[in-house]
Amino acid sequence: MPVNCIIVEDEPLAQERLRDYILRIPDLHLQQVFENSLDALVYTKTHPVDLCFLDIHLEGISGIQLLENAQIGAQVILTTAYHEYAIKGYELNVTDYLLKPYSFERFLQAVEKAKTNLANKRSAAPVHFFVKTAYKLEKVSYAELLYIEGMRDYRKIHTTGRQIMTLQTFKELEKEIPPEILCRVHKSYMVAIDKIDTIKKDEIRIGNATIYISDTYRDAFFKLITNRGD
């Protein structure tokens, strides 16, 4: 499975070194390069990122400040020319700490550590979620989930064997279910990515259902399915 990564680095030469190293590893997929922490943080809120190469000294919010004040779901490899931040980096539970200038061999070692962590995390990932119905919590497995449809105050969860009505909002469901499993494509629809049969222009087919992709969610949806690699 490809590892989606971003670079957060404001030095052009350091950016180029990272680009070159990333391109040497076939299963690393570079999504974006950012020169500041805020833009990177905004991006990670709407795009699944597995690995972040983060410089410490950045304009505005430093890499350390970002990690102290924001929840970053990706593996983080710190890159810096200053060794005195190493202890702080490990206190923040980063994956590794690359001291500039670092060799490709040292870079590869850090990446392999991140890939091992990701593999362990994915193998331990939940295979179901619970949804609130009128009188109880019902378990829904990701394997049976097809799509979720908005119906006024309710959300109708369509699965392979049943339909479940809930008052939980799309925002609540988006927080609970990873976007690589269930993705918002319209103000009234979320779809299970692995259940999509066909995509034609702005239409998704899942079984007998036709679901439209709206302008608001189009770019994020197509980036997501392009980067999956399965």
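Residues numbered from 1 in each chain as written. Predicted model: local features only at pLDDT ≥ 70, side-chain atom pairs only at ≥ 80, totals over all residues. Heavy atoms only, no water.

Novice: Give a description of the sheet that holds strand E10 (residues 163-166) that names residues and reports values.
Specialist: Strand pairing in a sheet relies on backbone hydrogen bonds. The paired strands run either parallel or antiparallel. Here we have five strands laid out as an open sheet, ordered E10-E9-E8-E12-E11, and antiparallel in their pairing. At either margin of the open sheet sits one strand with a lone partner, and together these are E10 and strand E11 (182-186). Direction aside, neighbouring strands of the sheet carry axes that sit 20° apart on average. With three bridges joining them, strand E8 (residues 145-151) and strand E12 (residues 189-192) adopt antiparallel strand pairing. Directly across from Tyr-147, in E12, lies its bridge partner Val-191. (Pairing = 2+ DSSP bridges. Helix = DSSP H or I, 4+ residues; strand = E, 2+ residues; numbered from the N terminus. Axes fitted to C-alpha atoms, helices over the stretch in contact; angles between N-to-C directions.)

Novice: Lay out the pattern of salt bridges in plain terms, naming residues and giving numbers.
Specialist: Under the defined criterion, the tally for this structure stands at 15 salt bridges. Taking the shortest distance from any N to any O, the salt bridge between Asp-96 and Lys-113 comes out at 3.5 Å. Of this pair, Asp-96 sits in strand E5 (residues 96-99) while Lys-113 is found in helix H5 (residues 104-123), placing the two residues 17 residues apart along the sequence. Between Arg-162 and Glu-138 there is a salt bridge, with the nearest N and O atoms lying 2.7 Å from each other. Taken as a pair, Arg-162 in the loop between strand E9 (154-159) and E10 and Glu-138 in strand E7 (residues 137-141) lie far apart in primary sequence, 24 residues in all. By relative accessible area, Arg-162 is classed as partly exposed at 29%. Look at the salt bridges and you will find they share partners, linking Glu-9, Glu-11, Asp-55 and Lys-100 into a network. (Salt bridge = Lys/Arg side-chain N within 4 Å of Asp/Glu carboxyl O. Buried < 20%, exposed > 50% of the residue type's maximum accessible area, 1.4 Å probe, protein only.)

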